[in-house]
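Reading the structure
What follows is each chain in one-letter form.
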Amino acid sequence: MGFLLFAGRKLQLKARINQLNYRGMQLSQEQQTISAQIAEKQKAINAAKNQVNTQSQQFVLGNILNGLGTNSTVQEMLRAKGLGSCSTQDLQTLLQGGKISAEGQDFQLDASDLSSISGVYQQLQYQSQMQASYASNIINSVLDASSQADLAVLNAKDSQISLELDNNESQLTLLTNEYQQVKKAESSEAQNCTSSYGLA
């Protein structure tokens, strides 16, 4: 009778151990999926922030060039050089020390020309950077708030799965130990039965 009890309990334990092993595999896969989602979300946030930074730099440069293009001091200097109008791209080339061709001749700003507009340039640069910084900070704050909400949900799921995995592992350890004990007891009871009936 004892042998049958041990054999029955062993089968129950084995079935439960198999269930826990399967559940542990499922939880591990779920955790890997969530970890990948967290990494992807963080990657997307960083990409968005990099894009904001790039656009901010482009805004600063464009704003400076537009400001210089409409500034009376710069316009007078260009007219004095014989250049009636200048595109934003040509103005950028001139400010970088390059030459442009317009109205049948080449134009280039010398050191004194660049020095005369440096004050205007610095003022425009400061204003543009302040505006860009203000806008970037607002956008980054919105991105952070949105991403933190999404990441909080994913991190909560990850924590929940970790707890369930720990619990699953604890149950597996207990049941595996019991299974080994029951298996030994079953074997011992089988030997006793064999001896009792003179089959040993």
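So, here's what we can say about the structure. Because the structure is predicted, anything quoted here is derived from the model rather than measured.

**So, the side chain of Asp158**
- Among the structural elements, Asp158 can be located in helix α5 (residues 118-196).
- Here Asp158 is buried and forms no salt bridge, its nearest opposite-charge partner Lys157 lying at an N-O distance of 11 Å.
- Within the structure, the side chain of Asp158 is placed 3.3 Å from the side chain of Gln31, a separation counted as a polar contact.
- With residues up to four places along the chain from it excluded, the contact list for Asp158 reads Gln31, Ile34 and Ser35.

**Focus: the nonpolar core**
- In this structure, Leu68, Val74, Leu78, Leu83 and Leu94 are the most contacted members of the largest nonpolar core, which totals 18 residues.
- Going through the elements one at a time, α1 (2-70), α2 (72-80), α3 (88-95), β1 (100-102) and α5 are the ones with two or more residues in this core.
- For this core, the leading source of residues is α1, giving four residues.
- In terms of nonpolar packing, the next biggest core, distinct from the first, is built from eight residues, Leu27, Ile38, Ile45 and Leu151 among them.

**A few points about the packing of aromatic side chains**
- This structure, assessed with the given rule, holds zero aromatic pairs.
- Its guanidinium or amino end placed over the ring of Tyr179, Lys14 lies 5.5 Å from that ring's centre, counting from NZ or CZ.

Reading guide: rules and limits
Residues numbered from 1 in each chain as written. Predicted model: local features only at pLDDT ≥ 70, side-chain atom pairs only at ≥ 80, totals over all residues. Heavy atoms only, no water. Helix = DSSP H or I, 4+ residues; strand = E, 2+ residues; numbered from the N terminus. Buried < 20%, exposed > 50% of the residue type's maximum accessible area, 1.4 Å probe, protein only. Lys, Arg positive; Asp, Glu negative; His and termini not counted. Salt bridge = Lys/Arg side-chain N within 4 Å of Asp/Glu carboxyl O. Polar contact = N/O pair within 3.5 Å; in protein donor to acceptor, adjacent residues only side chain to side chain. Contact = heavy atoms within 4.5 Å. Core = buried A, V, L, I, M, F, W, Y, C linked by side-chain atoms within 4.5 Å. Phe/Tyr/Trp six-rings, centres within 6.5 Å; stacked < 30°, edge-to-face > 60°. Lys NZ or Arg CZ within 6 Å of the ring centre and 35° of its normal.

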